[in-house]
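Secondary and tertiary structure notes
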Amino acid sequence: MSGRSRVGFCLSDKKRRRMNLDAFSEMCAHPDTILLDPLPAMTQLLDRFTSYRIMSQLHNSLRDWRVCSPPYLSIHTPGDMSSIQEAMRSQGLSFPLICKTRVAHGSLSHEMSLIFSDERLLDVHPPCVLQSFVNHGAVLHKVFVVGDNRKTIFFNSHEVSKPESSSHLTALDEQMPCLPPPSSEAVAALARELQAQLGMALFGVDTIIDIRTHTLTVIDINIFPGYEGVPQFFSSLLDHIKSVLDAHSTAGLRSDSERGAGGSN
């Protein structure tokens, strides 16, 4: 993994003027601007320390649906090996581990490593997240949430993937049991819960099925997910945009009506 990690950006006044960020911020704050997702809500998915804390609560709120997330540990700064090992034990982590950058968007966010022993914890470069690896037969189910209409779209990443995508890490083991996909009811419950927790309508969720327990396991939440190849995405997005515009229009008419009624008294 690269030792360089970044959360957020510090821009000079010159760069801010060149990128016109001040005008963009003012436009977003204008009462007539309609945002599909609020910017503060979106920023929480740029930081895995925050999104993994939200994921860790799913086993409580979605217990009836047998939805959970793997144990994880946030490492903020370099520390001695014994303190990391002790924190791992207290958090219930076990080898192998997946190490991910704290930054959850951009090219660096896709750089990950598999760690198989205490000795190899030396390869960790904070700030980062350690997450227990869950055996899932190399099958990833990507869930795409589009709006409040709960028209969640999901598919097996082995069936919808980039043509050039190939790795021995994602090769299917023919001796592994073939697990059924997650139920549509469980996925819908997961989408509803995350929409409520995040305050967002557009995001992606990476899920797997635990080979041992058959539990639907959430391993990541994605901002700006790639919808390429996802069936019905554009029609679902247009439906969501229409519902947002309709709600905004209805709220405006109600506000005008209330002001008119107040003025007549």
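All of these numbers come straight from a predicted model, not from anything done at the bench. (Residues numbered from 1 in each chain as written. Predicted model: local features only at pLDDT ≥ 70, side-chain atom pairs only at ≥ 80, totals over all residues. Heavy atoms only, no water.)

This brings us to helix H7 (residues 184–198). A rise of 1.5 Å per residue sets the reference length of H7, with its 15 residues, at 21 Å; its end C-alpha atoms lie 21 Å apart and thus fit the reference within 8%. Positive backbone phi, approximately 70 degrees, marks Gly 199, located one or two places after H7. (Helix = DSSP H or I, 4+ residues; strand = E, 2+ residues; numbered from the N terminus. Expected span 1.5 Å × (residues − 1).)

A separate point is the nonpolar core. Counting residues in hydrophobic clusters, the biggest one holds 29 residues, and the most contacted among them are Leu 190, Leu 194, Leu 198 and Phe 203. Of all elements in the fold, only helix H3 (39–43), helix H4 (48–55), strand E6 (141–146), H7, strand E8 (202–209) and strand E9 (216–222) reach the threshold of two or more residues within this core. Looking at this core, the element that brings in the most residues is H7, giving seven residues. For Leu 190, the contacting residues outside a window of four places in its chain are Leu 58, Leu 62, Val 67, Val 205, Thr 207 and Val 218. (Core = buried A, V, L, I, M, F, W, Y, C linked by side-chain atoms within 4.5 Å. Buried < 20%, exposed > 50% of the residue type's maximum accessible area, 1.4 Å probe, protein only. Contact = heavy atoms within 4.5 Å.)

One pass over the full model with this rule turns up seven salt bridges. Of the charged contacts in the structure, one is a salt bridge between Lys 142 and Asp 206, with a shortest N-O distance of 2.6 Å. In this pair, Lys 142 is assigned in strand E6 and Asp 206 in strand E8, connecting sequence segments 64 residues apart. The partly exposed category is assigned to Lys 142, whose relative accessible area is 22%. By relative accessible area, which is 11% here, Asp 206 ends up buried. By sharing partners, the salt bridges in this structure join Arg 48, Lys 100 and Asp 220 into a single network. (Salt bridge = Lys/Arg side-chain N within 4 Å of Asp/Glu carboxyl O.)

With respect to the helices and strands, the residue Gln 195 is situated in helix H7. Side-chain polar atoms of Gln 195 contact the backbone oxygen of Gly 147, separated by 2.7 Å. (Polar contact = N/O pair within 3.5 Å; in protein donor to acceptor, adjacent residues only side chain to side chain.)

Within strand E5 (residues 128–132), five of the five residues are buried, which leaves the element mostly enclosed by the surrounding structure. By the alternation rule, side chains of E5 split into Cys 128, Leu 130 and Ser 132 and Val 129 and Gln 131, which are all buried. Of the strand pairs in this sheet, strand E3 (residues 97–101) and E5 are connected by five bridges, and their pairing is antiparallel. Bridge assignment links Lys 100 to a residue of E5, and that residue is Val 129. (Pairing = 2+ DSSP bridges.)

Further remarks concern the confidence of the model for the chain. Per-residue pLDDT for the chain averages 81, and the proportion of residues at 70 or more is 76%. Within the model, pLDDT remains below 50 along residues 1–9, and this stretch shows 16 contacts once partners closer than five positions in the same chain are excluded. Every residue in residues 160–164 is under pLDDT 50, and counting partners more than four places away or in other chains gives three contacts. (pLDDT = per-residue confidence, 0-100.)

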